[in-house]
Amino acid sequence: MRTRAWIALLAAAAFSLPAGAWAQAGQVVVLTSFPRELFETYKAAFERANPGWSMVVVSKPTTAGITQIRERAGRPDVDVFWASAVDAFVYLKENNLLERYTPPAELRRGIPDRVAGFPINDPDGYFVGFAVSGYGIMWNTVYMERRKLPEPREWEDLLQPVYFGHIIMSTPARSGTTHLTVETILQGYGWDRGWPLLVQMAGNMGALTERSFGVPEAVIAGQYGIGIVIDFFGLSAIASGQPVRFVYPRVTSLVPANVGIVRGAPNPEGARRFVNFLLSEEGQKLLFRPEIGRLPVRASLYAQAPKGFPNPFRMSPGVRFDARLSAARYQLVTRMFDQVITFRHAELRRAWEAIYAAERAVEEARRQGRDVSGAERLLRQARASARLVPVSEATAMEIAQQVDRDPTYRAAKEREWEALAREAYGRALQLANQAAQVARGR
Amino acid sequence: MDPQAAAVSPRPAVAGRLRWRYEPGHLVLYAGLLAVVGVLVVLPIVSVLRGALVDASGFTLAHVARFFYTPLYLESLRNSLYAGLGATALASLLALPPAFLLGRYQFRGQALLVTWLTVPLVIPPFVGAIGLNQTLGRAGVLTLFLEDRLGVQFVAAEGLRGVILAHALHYFPFVLLTVANALANLDPSLEEAAKVAGARGLRLLWRVTLPLVAPAYAAGAILVFVRATDDLGTPLILNVKNMLGPQAYFRITTIAREDPDGYAIAIVMLALALAAVLAATRLGQRREVATLQTGGRAPGQPLRGWGPWLLLAFSALVGFLGLLPHLGVVVLSVSRVWSLTYLPTGYTLDHYQEILFRAPQFVVNTLLYSATAAVVAVAVAVGIAYLQHRGRVPAPGLLDFAATAPIAVPGVVMGIGFLRVFDRWTLPWVGVPLTALWLVFPMLYVARRLPYAVRAASAAMAQVHPTLEEAAAVCGARRWRSFRRVVLPLVLGGAVAAGVLVFVTAAVEFSATVLLISRIEQSPLSYGIYLYAQSPRGRGAAAALGTVAVVLVAAGTYLANRVGGRRSALAW
């Protein structure tokens, strides 16, 4: 008898202590990529507004979240997926991993259908937008002063040699918001201009962080001067008194951050309550909090916004984001980015460093009145090689599906891109060094 | 180091007569322990091996071969080896001069210097990396100082260099203690003989002294190498991606749990660690032969001439460097705004309020998991040690071997194994995989830290002479009673020390924890640090949690030393 009592006690302890009970009434398990400041605030407010309900948070990068939901299809261990990346929701929806849910009409009132031409909610009702996000550039003012750097305005500005080694971003394969930024650039400039822009910009990067949160953190600490971030990182850092600024470039997109219920959620009632809470006036107002700094979808609330807060319903961003396109080539873009940029970053940096050195040498030679046409030709070739477009847009669309579905094919492609990138950046380095030699008259 | 601990006690005399008869009670205990160790240690390792070597068509070497065809993985392997060798070299450079000073000379304040130089051991490398970022990183105090005053732009704690620095600064005391100990215990007659034969100065050092301490040094150095090679937390904090640990972690968490490449990387890490630990064991055996001839200790010399003073100055510099991570973390934990200035421009206690009151679960969970792990690990270890020394069971060494195996298993590999095994173990009455429950963390920590506990318990058990139990038996005590009243009280000190060590090392475990974490409510301190380290509003709260970790480890190490004597500090 005593042993059994012990076992019961132990079992009770195992479930009640930190974990909370599993599929009991009064609970909702939320898988989110959002920073702690955001989900902690919502957890407290949700539990206050819904007495007897508790919210359990699973914090993962968006991409790891997708992996988790996919691997647990049919027996999910979370109820709600809550993240910025709209294409992640499209991906989940198209793979039949989300539950349809339409919030009550009184909650939907006051939320426009579209922001900057982009639908706020999934037309088929599989997920809803609760906040709007744009993508842009944040910088540390102390850092810029110290290094005498000009303030950037547009993505192209970041290609200037002065910024070499001062920029930081995350990787699209690990961060959903970074993937949205990359897609925004690819869609805004077009594939053929977008890739060279990204590759060259990465050549100027000092580092690529593992999670998107690492970017604002590094900029705030002054480790790097300029970060490529989703707007609320910039806005919340400004609000908490850090010496930073933020700007939306012309080529940006306004895209809703979303919430969706996972198919077969163990706590459907809790999941619905959570979604409703996010859309309620109380839930929406929390977004203005300085530690959160996100843009609500409830348009009427902007009258109460803090000073200097952007209103997305008055902005006209340059890019109309195509979430289906983005979702269709998600694996392709992230894997390719990893192989030609993230993991080849050292070679890419070296190539651009050499190109900048060669440019200075050519400039010097021109000042001295020497003939620089040979050096310039080499330099042009070097730059072209260090602005690699790994595959054409047509090929990309052709192979995107197989890359997504077939791991063996994907692995083969990954190795192919890696080799391509090594070769291209190696050649760029060589050409740039040659150009410098020619310019210096050997 | 402790001759008594190393002495192996003879088997009970009665065993001679009853050699082929097994004791039923022992057999039950044996089976139970075998099951525990089998599930916690053997299954996860086997599962990783299966993941890498078996696919739908049976045994295959294709995945492992792919590792060696993929330049990215080869580069990661190179970087990992480079980090390991670099950390070993730097740790040696920092450790050897002070070791020579402490092993050879006697001066006032020696104990203080030893304590000061061992302080770096209390800061886990991935926490240290956060502190280094603030002192030697891109925006670090010393980096800025160098640039402003000397016009030198040099970032010491960045990328692979940062990984090397973090490990070297954490582990150099380990090398220092082993070498200083070996030097102090060196048989003076050997050096005297060399002097008589005409060897002096550097020649004496090179030809006689160094070869004698080399085995001790190598054993310490190999540990530094292994830890730096297969680490995950430090590279992640420092944004280093092309190393084995991070690559395996990315494959498993973002691509797929069943991604064969992840297992191939894991198996390479396993092979590396295994090779290094085997090398260390062999060298350790050689060392015992060398020190068995000890005829006495040479008296420490006084500090005379400029040589020892130079060593002292260098040791002070090393002590200063060793404190940089701590300083960075502690100051960061009370800073509000610290951006490109020598010191923060705003201070706050808010981060402590955050981790102690608003989100106390990190600290609470850590205490719960580590304490559970410590109790279980010690209980299992005492059982194993008892069977090893007294057990009348078939192959008592098997248990000991299996329980010590995790010492050669990198945390990432153990984490992957746990994920693969226990995700499929669904608890019948709730239908929840074991990986979703907090119990999986204590289980993991038991598996990873069992070797320490078994070593300590075995050493304690070896000191209990069987005649004591025989005496108890003569007085009429049954086996269980004599175990409880005689053996247990005698091994208790060692067991408690072992438990404390399991506790502190479990409290700062990161590599495997990060793979198994699913919900924030369950996460321990180490994952909390990682989470806060990426907070968009700065790393203050991470530093506050890091400070708590440092305090926990320091208090634990002190306690273990008090209870278990100096040996336990070296078990770290």
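Remember, predicted model here, so these are calculated numbers, not experimental data.

*Asks:* Could you clarify how one ought to interpret the packing of helix α17 (residues 393-405) of chain A against helix α18 (residues 407-439) of chain A in this entry?
*Replies:* Angle between the axes and distance between the axes are the two parameters that describe a pair of packed helices. Residue and element names in this part refer to chain A. At their nearest, the axes of α17 and α18 sit 6 Å apart, and the two run at 120° to each other. Regarding α17 and α18, the two cross each other, and that crossing is left-handed. Judged by residue contacts, Ile399, Gln402, Val403, Asp404 and Arg405 of α17 engage Pro407, Tyr409, Arg410, Lys413 and Trp417 from α18. By residue class, the composition of the contact of α17 with α18 is five nonpolar, one polar and four charged.

*Asks:* Explain helix α2 (residues 36-49) of chain A here, please?
*Replies:* A turn of α-helix holds 3.6 residues, and therefore any two residues three or four places apart point the same way. Given a rise of 1.5 Å per residue, 14 residues ought to cover 20 Å, and the 20 Å separating the end C-alpha atoms of α2(A) matches this to within 8%. Every buried residue of α2(A) is accounted for by Arg36(A), Glu37(A), Leu38(A), Phe39(A), Thr41(A), Tyr42(A), Lys43(A), Ala45(A) and Phe46(A).

*Asks:* Help me out: how do you make sense of the pattern of salt bridges in this one?
*Replies:* Side-chain pairs of opposite charge can arise where the charged atoms are in close proximity. Evaluation of the coordinates by the stated rule reveals 45 salt bridges over all chains. A salt bridge links Arg289(A) to Glu291(A), with the nearest nitrogen and oxygen atoms 3.4 Å apart. Glu423(A) is the partner of Arg427(A) in a salt bridge, and the nearest nitrogen-oxygen pair spans 2.8 Å. Here the residue Arg427(A) and the residue Glu423(A) both occupy positions in helix α18, the gap between them amounting to four residues, near one helical turn. Classification of Arg427(A) by relative accessible area gives partly exposed; the value is 36%. The network of salt bridges with shared partners includes Arg36(A), Glu37(A), Asp350(B), Glu354(B) and Arg358(B).

*Asks:* Hey, could you run me through the side chain of Glu354(B) in this one?
*Replies:* Mapped onto the elements of the fold, Glu354(B) is located in helix α15 (residues 350-358). When its relative accessible area of 12% is taken as the criterion, Glu354(B) is described as buried. Here the side chain of Glu354(B) touches Tyr532(B) through a polar contact of 2.9 Å, side chain to side chain. Aside from chain neighbours lying at most four places away, what touches Glu354(B) is Arg36(A), Ala359(B), Tyr532(B) and Ala541(B).

*Asks:* Which parts of the structure should I look at to understand the sheet that holds strand β11 (residues 226-230) of chain A?
*Replies:* Two strands in a sheet stick together by hydrogen bonds in their backbones, pointing the same way (parallel) or opposite ways (antiparallel). Residues and elements named next belong to chain A. What the five strands build is an open sheet, ordered β10-β9-β11-β8-β12; its pairing is mixed. Of all strands in the sheet, those with a lone pairing partner are β10 (205-209) and β12 (244-247), marking the two edges. If you compare each strand with its neighbour and ignore which way they point, the axes differ by 25° on average. When strand β9 (residues 167-170) meets β11, the two strands line up parallel, connected through two bridges. When the bridges of β11 are listed, Ile167 appears paired with Ile226. Sitting on the sheet, helix α8 (residues 191-204) touches β9, β10 and β11, and the angle it makes with β10 is about 105°.

*Asks:* What am I meant to see in the packing of aromatic side chains here?
*Replies:* Aromatic ring pairs: the centre-centre distance and the angle between the two ring planes describe each pair. According to the stated counting rule, one finds 36 aromatic pairs over all chains in the structure shown. When the centroid spacing of 5.8 Å and the interplanar angle of 75° are considered together, the rings of Phe34(A) and Phe130(A) count as edge-to-face. Pair noted here: Phe34(A) is in the loop between β1 (27-32) and α2 and Phe130(A) is in strand β7 (residues 128-133), with a separation of 96 residues, a long-range link. Since its relative accessible area comes to 2%, Phe34(A) is described here as buried. For the pair Tyr386(B) and Phe483(B), a centre-to-centre distance of 4.9 Å together with 75° between the ring planes defines the contact as edge-to-face. Of this pair, Tyr386(B) sits in helix α16 (residues 361-390) while Phe483(B) sits in helix α21 (residues 479-507); the two residues are 97 residues apart in sequence, bridging distant segments of the chain.

Analysis parameters
- Residues numbered from 1 in each chain as written.
- Chains lettered and ligands numbered in written order.
- Predicted model: local features only at pLDDT ≥ 70, side-chain atom pairs only at ≥ 80, totals over all residues.
- Heavy atoms only, no water.
- Axes fitted to C-alpha atoms, helices over the stretch in contact; angles between N-to-C directions.
- Helix = DSSP H or I, 4+ residues; strand = E, 2+ residues; numbered from the N terminus.
- Left-handed = near helix turned anticlockwise from the far one by under 90°.
- Contact = heavy atoms within 4.5 Å.
- Nonpolar A, V, L, I, M, F, W, Y, C, P; charged D, E, K, R; others polar.
- Expected span 1.5 Å × (residues − 1).
- Buried < 20%, exposed > 50% of the residue type's maximum accessible area, 1.4 Å probe, protein only.
- Salt bridge = Lys/Arg side-chain N within 4 Å of Asp/Glu carboxyl O.
- Polar contact = N/O pair within 3.5 Å; in protein donor to acceptor, adjacent residues only side chain to side chain.
- Pairing = 2+ DSSP bridges.
- Phe/Tyr/Trp six-rings, centres within 6.5 Å; stacked < 30°, edge-to-face > 60°.

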